[in-house]
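Single-letter residue listing:
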Amino acid sequence: QVQLVESGGGLVQAGGSLRLSCVASGRAFSTYGMGWFRRAPGKGREFVAAVTWNGGRTYYADVVKGRFTISRDNAKNTVYLQMNSLKGEDTAVYYCAADPRPWARSATTAESEYEYWGQGTQVTVSS
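Keep in mind that what you see is a predicted model, and the values were worked out from it rather than measured.

K.L.:
Just checking my understanding: could you explain the pattern of salt bridges for this structure?
P.N.:
Two side chains with opposite charge may pair up if their charged atoms get near one another. Taken as a whole and assessed by the stated rule, the structure comprises six salt bridges. A salt bridge links Glu46 to Arg38, with the shortest nitrogen-to-oxygen separation between them at 2.6 Å. Glu46 sits in the partly exposed class, given a relative accessible area of 35%. A salt bridge links Arg101 to Asp99; the shortest N-O distance between them is 2.7 Å. On the basis of relative accessibility, which here comes to 2%, the residue Asp99 falls in the buried class. One salt-bridge network, in which partners are shared between bridges, spans Arg38, Glu46, Arg67 and Asp90.

Shown next, in the form of structure tokens:
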């Protein structure tokens, strides 16, 4: 069982930055692909970014590419999402998720492939 706890959300003005963190329990974190998803008001959950177990490959949704950066520190059991140039449409609850297939060569963008989820952290961007 893996528990994920997100933090770092909040209220920020358009054009500003936030860094989200997700701390995972368990020794197997370093073998898992990790992803960030978000759910905006009135919408379904959508993929934001993903990273392979060793940080070697990253993937981004087109709407955040060039503005968001996903990274991880396996020594700290933590994955990050640096969000720059925030826009009103980035307002959402952000979730981190773990894909428990160990040492996968690629990270998945499919929500259904992630088995463990955090509770989410609210990001609100004021325009």
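K.L.:
Would you explain the packing of aromatic side chains in this entry?
P.N.:
When we look at a pair of aromatic rings, we describe it by the centre distance and by the angle of the planes. Under the criterion given, the structure shown has four aromatic pairs. With a centroid separation of 5.7 Å and 75 degrees between ring planes, the pair formed by Phe37 and Phe47 is classed as edge-to-face. Placement of Phe37 in strand 4 (residues 33-39) and of Phe47 in strand 5 (residues 45-51) is noted, with a sequence separation of ten residues between them. This pair shows no difference in class: Phe37 is buried, exactly as Phe47 is. Aromatic rings pair up to connect Phe37, Phe47, Tyr114 and Trp117 into one cluster. The ring of Phe29 has Arg72 sitting right over it, with the charged end atom 4.5 Å from the ring centre.

Conventions used here
- Residues numbered from 1 in each chain as written.
- Predicted model: local features only at pLDDT ≥ 70, side-chain atom pairs only at ≥ 80, totals over all residues.
- Heavy atoms only, no water.
- Salt bridge = Lys/Arg side-chain N within 4 Å of Asp/Glu carboxyl O.
- Buried < 20%, exposed > 50% of the residue type's maximum accessible area, 1.4 Å probe, protein only.
- Phe/Tyr/Trp six-rings, centres within 6.5 Å; stacked < 30°, edge-to-face > 60°.
- Helix = DSSP H or I, 4+ residues; strand = E, 2+ residues; numbered from the N terminus.
- Lys NZ or Arg CZ within 6 Å of the ring centre and 35° of its normal.

These figures capture arrangement, not role.
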